[in-house]
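Chain by chain, the residues run as shown.
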Amino acid sequence: MTTFSIRSAITADVRAIQGLIEPLVNERILLGKDLVVFYEAVQEFRVAVTPDGHVIGCGALHVMWHDLAEVRTLAVSSDWLGKGVGHALLAQIEQDAHALGLERLFCLTFETDFFARNGFEPVKEELVDPAVFAQLSLSPDEGVAEFLDLSRVKPNTLGNTRMLKRL
């Protein structure tokens, strides 16, 4: 079996990242993003790569507040599903979160079994107090709007489960 490693994404990985998530966008599992958004967020991404440098998975850590971040755009090539790639990416994202001093990781997902196996639990309550909510609502980021469950993004989030892990 071919092995893989996890590393920080570089700009040369952006088109591969977009290619990985495109099938999931078409299935309405992940939100589509313009190429420029991936370039702007490349420093948030980790990628799983084969020894020959082929990108087989990706995931991002997006800081939202002093103690809270979102796991975003976690995707694995269909050929590599069930081989530990997603788990390895999530483990690295959690290490990154620890290094930043974060206490909670949030995700909005259809993959509830995967995230539950990795310590996330469904949440229904508000995850931030009203003052923080007001500050976060100023963000132009669509992912933050999803986190806040703002009405303008509700069509994008139907059927997703809000999950949280305390670090």
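Quick note: structure is the one above.
As a starting point, this report considers the structure included with it. (Residues numbered from 1 in each chain as written. Predicted model: local features only at pLDDT ≥ 70, side-chain atom pairs only at ≥ 80, totals over all residues. Heavy atoms only, no water.)

## Remarks on the pairing of strand β7 (residues 161-166)
And step 1. Bridge analysis of strand β5 (residues 104-109) against β7 gives 6 bridges, and the strand direction is antiparallel. Residue Arg-104 lies in a different strand from β7, and its bridge partner there is Arg-166.
And step 2. In terms of strand pairing, strand β6 (residues 121-122) meets β7 through 2 bridges, oriented antiparallel. Residue pairing in the sheet places Glu-121 in a bridge with Leu-164 of β7. (Pairing = 2+ DSSP bridges. Helix = DSSP H or I, 4+ residues; strand = E, 2+ residues; numbered from the N terminus.)

## Quick word on the packing of aromatic side chains
And step 1. Considering all chains together, one arrives at 4 aromatic pairs under this definition.
And step 2. Look at Phe-4 and Trp-80: their rings are 6.0 Å apart centre to centre, the planes differ by 85 degrees, and that puts the pair in the edge-to-face class. Of this pair, Phe-4 sits in the segment before β1 (5-8) while Trp-80 sits in the loop between β4 (68-76) and α3 (85-99), and the two are 76 residues apart along the sequence.
And step 3. Among the residues examined, Phe-4 registers a relative accessible area of 24% and is labelled partly exposed.
And step 4. Given the relative accessible area of 12%, Trp-80 is considered buried.
And step 5. An aromatic cluster is defined as three or more aromatic residues linked by ring pairs; in this entry it consists of Phe-114, Phe-115 and Phe-120.
And step 6. Stacked on the ring of Trp-80, the Lys or Arg Lys-83 has its end atom at 5.4 Å from the ring centre. (Phe/Tyr/Trp six-rings, centres within 6.5 Å; stacked < 30°, edge-to-face > 60°. Buried < 20%, exposed > 50% of the residue type's maximum accessible area, 1.4 Å probe, protein only. Lys NZ or Arg CZ within 6 Å of the ring centre and 35° of its normal.)

## Notes on the sheet that holds β1
And step 1. Reading across from one edge, β1-β2-β3-β4-β5-β7-β6 is the order of the 7 strands in this open sheet, with mixed pairing throughout. Lying at the two open borders of the sheet, with one neighbouring strand each, are β1 and β6.
And step 2. Looking at chain direction, β1 and strand β2 (residues 45-49) are connected through 4 bridges and run antiparallel. The residue bridging Ser-5 from the neighbouring strand is Val-49, located in β2.
And step 3. Each of β2, β3 (55-65) and β4 is contacted by helix α1 (residues 14-26), which is oriented at about 90 degrees to β3, the strand it contacts most.
And step 4. Of the strands in this sheet, β1, β2, β3, β4, β5 and β7 touch α3, which is tilted by about 30 degrees from β3. (Contact = heavy atoms within 4.5 Å. Axes fitted to C-alpha atoms, helices over the stretch in contact; angles between N-to-C directions.)

## Quick word on the pattern of salt bridges
And step 1. This structure, assessed with the given rule, holds 5 salt bridges.
And step 2. With a shortest N-O distance of 3.0 Å, Arg-72 and Glu-70 are connected by a salt bridge. For the pair shown, Arg-72 and Glu-70 are each scored as buried. (Salt bridge = Lys/Arg side-chain N within 4 Å of Asp/Glu carboxyl O.)

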